[in-house]
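What the coordinates show
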Amino acid sequence: MNRDTRFFNRIVEILHSHEDEYIPGAWEEFSVKKTKRRSAIFMWQLIGTAAVLSLFTYFTFEVLEMHALHKEGRMIKRGLKDKNKPWLSEERIAIDRGRKKSLPKQIHRKAGIAKSVTTLLELRHSVQYKANTLAMKKAREKFTKKEIITNRIVKVEVEIKNDSKHGIALSDTGFAKRILDRNFATLPLGNEIADKNKSEMTNIDSLTKRVNPEIRRKKNNKNIVYSLVLSPTLGSNKLNFGTGMEISYKVGNKLSLLGGVIYSSMNAERKGNNRGSGDKKLQDVALAVSGFEVPIGLQYRTKRGFYATCGISNMSVISDRVEYNYLIQTTQIVTIVSGGVPRDIVTINTRESTEQSQENIRNYIGFYTFSAGTERVFGNKNLNLGPFIKIPFGSVSSEKINLTQGGLRLSLAF
Amino acid sequence: MQRKVPDLKDIIDGCTKKDFRCEELLYKSFYGYVSGVAFRYIKERETLKELINDAFLRVFRKIGSFSFDGPPEEFRKAFKGWIGKITANAAIDRIRATKVIFYIDDLPEESQIEIAVEAENNLTFNDVMVLLDLLPAIQRLIFNMHTIDGFSHEEIGSKLNIPPNTSRVYLKRAKSRLITLYQADLQ
């Protein structure tokens with residue numbers, strides 16, 4: 001090995017073996033940075049996942065609703081067509097377009113033109129009535145969706161030839177006059193509202209304006225809605241509690257952004273599986289944590305009053321406590337002599353012991369939150385009610401305690 | 001009850017499970033070594049502290065991927081080498097981010113300083129650092145990466161965005177300059 005190589009090997013040896021002194025406080029400084037960095041990474045991952053889930057939920061709802069509307073549209077069209085009397089639909093089309101349609105031969109075959117005209121009028125009327133009745137039923141179902149009803153008014157004119165041979169003289173037959181009057185009434189056809197008489201039309205008008213009593217919601221034209229939230233939860237067989245305030249901001253017809261501040265306290269437990277040495281066996285590890293949560297979420301509402309929410313929540317821990325619950329068994333053997341015969345009496349003492357851990361769990365805990373429910377009118381306010389679930393991003397503390405919580409979410413909007 | 005003192009394998013296992021006690025032990029045990037590696041690349045104190053913490057963050061994030069199948073007595077050395085490489089990578093990324101690499105390495109004659117260097121058996125850490133500081137930045141960087149930390153020329157080329165042959169040229173120049181400075185004293 002030449003001198004140059006020895007020289008460089010020596011340099012490598014010196015540099016590899018050199019270690020600086022540890023600076024006191026470096027670990028504490030690093031711990032703070034590590035916690036902040038982990039929380040930031042968790043937050044971004046949670047935000048990304050929540051955004052993906054929200055978009056997925058939104059598009060799923062949109063697709064399902066479009067599919068439902070399309071199916072309903074097809075059912076209405078099918079309902080108007082009577083398979084036994086296919087020519088009825090042709091009559092319908094003729095009325096819509098305001099055209100005279102040549103009559104089927106069955107009608108012309110009947111004795112007398114006047115009679116056939118009357119029959120035709122009655123037939124048209126009955127066709128119209130049946131179609132309108134069916135459509136009215138469908139229209140009622142549509143009222144809950146608050147669709148805007150557009151009416152196309154078509155006048156139905158019946159040509160009566162003032163010809164003793166072929167028609168009925170207007171002045172001669174009161175019956176024909178009544179029919180004529182009836183048929184000159186305007187018929188809203190866009191949504192097939194019944195046409196029997198004006199009072200009935202008035203009834204239908206009020207029907208269109210009527211709000212379905214099953215779902216009554218206060219008309220909310222505000223973009224920002226404040227809510228008081230109460231959320232009892234259950235986690236690891238323990239009851240937990242959360243309360244706070246939420247703000248909802250409308251970003252679309254059905255989408256809202258949610259935010260707020262909620263105080264929550266959680267308890268969780270993990271079985272110790274009797275680990276430990278000697279007489280001391282660990283039964284379970286209990287965690288109690290409380291703090292302020294800042295939830296951020298996206299909510300999708302349907303017109304029927306159902307909602308689904310997904311988002312993330314970051315909890316700033318105010319107080320935490322980790323306790324180890326042990327079962328300590330001590331065995332005592334006492335020898336007594338009874339009647340000259342020594343006997344061993346074994347006594348087993350069992351006692352429970354709780355030790356508090358010195359571990360500091362992280363200052364921030366992130367959760368995925370999912371909820372769904374329905375909205376109900378409560379006095380002059382709206383009450384949202386439904387189940388929810390909170391899933392932490394990771395386990396907490398060195399004992400890997402799972403803080404998953406599920407419960408009921410109540411919020412009163414005002 | 002006597003508490004068992006954890007060895008390096010136990011500490012690494014604990015760090016994989018995110019045990020904060022093991023992480024603290026590992027940090028304090030290897031802080032000096034990581035600091036020495038980082039000091040070869042970065043001289044400013046504040047940046048050095050940040051670099052050390054960045055290096056440890058990377059170590060804790062990737063510690064699950066460390067594995068060693070050799071003899072047990074070489075385990076610590078292998079782990080030190082692994083940590084050293086992570087630290088060097090962190091330092092190079094920081095240098096690239098601050099863009100302070102200068103590729104002009106021909107110093108004018110009057111700028112060459114001859115120093116008194118101990119014979120190689122009496123070389124100290126400070127002597128070595130003085131010698132390295134006299135090199136141009138790019139030569140010092142490539143010398144550290146290749147000779148001290150074991151990067152290949154291809155790896156150096158991809159990290160610094162230079163051709164591998166350029167890396168070889170810079171390394172050759174760095175070595176000849178170090179020898180020149182060292183021999184000047186011995187003569």
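Residues numbered from 1 in each chain as written. Chains lettered and ligands numbered in written order. Predicted model: local features only at pLDDT ≥ 70, side-chain atom pairs only at ≥ 80, totals over all residues. Heavy atoms only, no water.

**Things to note about unusual backbone geometry**
All names here are of chain B. We note that Lys18 has phi near 60°; this positive angle belongs to a residue other than glycine. Here Lys18 lies in the loop between helix H1 (8–16) and helix H2 (20–41). A residue is classified by how much of its surface remains accessible, and Lys18, at 42% relative accessible area, is partly exposed. In this structure, Asn161 is a non-glycine residue whose phi angle is positive, near 60°. On the secondary structure map, Asn161 appears in the loop between helix H7 (153–160) and helix H8 (164–186). On the accessibility criterion, Asn161 (64% relative accessible area) is exposed. (Helix = DSSP H or I, 4+ residues; strand = E, 2+ residues; numbered from the N terminus. Buried < 20%, exposed > 50% of the residue type's maximum accessible area, 1.4 Å probe, protein only.)

**Some thoughts on the environment of Thr49(A)**
Residue and element names in this part refer to chain A. You can see Thr49 is positioned in helix H2 (residues 26–80). Residue Thr49 is classed as partly exposed on the basis of its relative accessible area of 30%. Separated by 263 residues in sequence, Thr49 and Ile312 place their C-alpha atoms 8.8 Å apart.

**Concerning the packing of aromatic side chains**
Per the stated rule, a full pass over the model turns up 20 aromatic pairs over all chains. Between Tyr22(A) and Tyr31(B), the aromatic rings sit 5.3 Å apart at their centres with planes inclined by 80°, giving edge-to-face as the arrangement. One end of the pair, Tyr22(A), is in the loop between helix H1 (3–17) and H2; the other, Tyr31(B), is in helix H2, on a second chain. Taking 5.6 Å as the distance between ring centres and 50° as the angle between the ring planes, the aromatic pair formed by Tyr27(B) and Tyr31(B) counts as tilted. With Tyr27(B) and Tyr31(B) both in helix H2 and 4 residues apart, the pair spans about one turn of that helix. Each member of the pair, Tyr27(B) as well as Tyr31(B), is classed as buried. Put simply, the rings of Tyr22(A), Trp27(A), Phe30(A), Tyr27(B), Tyr31(B), Phe56(B) and Phe60(B) touch in pairs and so form one group of aromatic residues. Sitting over the face of the ring of Phe39(B), Lys43(B) holds its NZ or CZ atom 4.5 Å from the ring centroid. (Phe/Tyr/Trp six-rings, centres within 6.5 Å; stacked < 30°, edge-to-face > 60°. Lys NZ or Arg CZ within 6 Å of the ring centre and 35° of its normal.)

**Things to note about the packing of H1(A) against helix H6 (residues 137–148) of chain B**
At a minimum axis distance of 11 Å, the contact between H1(A) and H6(B) shows a crossing angle of 90°. As judged from the angle between their axes, H1(A) and H6(B) are roughly perpendicular. On H6(B), the residues touching Phe8(A), Ile11(A), Val12(A), Leu15(A) and His16(A) of H1(A) are Phe143(B), Thr147(B) and Ile148(B). (Axes fitted to C-alpha atoms, helices over the stretch in contact; angles between N-to-C directions. Parallel < 35°, antiparallel > 145°, perpendicular 65-115°, else oblique. Contact = heavy atoms within 4.5 Å.)

**Things to note about the interface of chain B and chain A**
Quite often, the size of an interface is put as the accessible area lost when its parts meet. Counting from both sides, the interface comprises 43 residues of chain B and, opposite them, 29 residues of chain A. Summing both sides of the interface, chain B and chain A together bury roughly 3,500 Å²; the carbon and sulfur share of this comes to 64%. The closest approach of N and O atoms between Lys33(A) and Asp54(B), which form a salt bridge, is 3.3 Å. Taken together, the connections running from chain B to chain A amount to 7 residue pairs in polar contact (both at pLDDT 80 or more). Those elements giving two or more residues to the side of chain B that touches chain A turn out to be H2, helix H3 (45–62), helix H5 (125–133), H6 and H8 of chain B. (Buried area = accessible area lost by both parts, 1.4 Å probe. Salt bridge = Lys/Arg side-chain N within 4 Å of Asp/Glu carboxyl O. Polar contact = N/O pair within 3.5 Å; in protein donor to acceptor, adjacent residues only side chain to side chain.)

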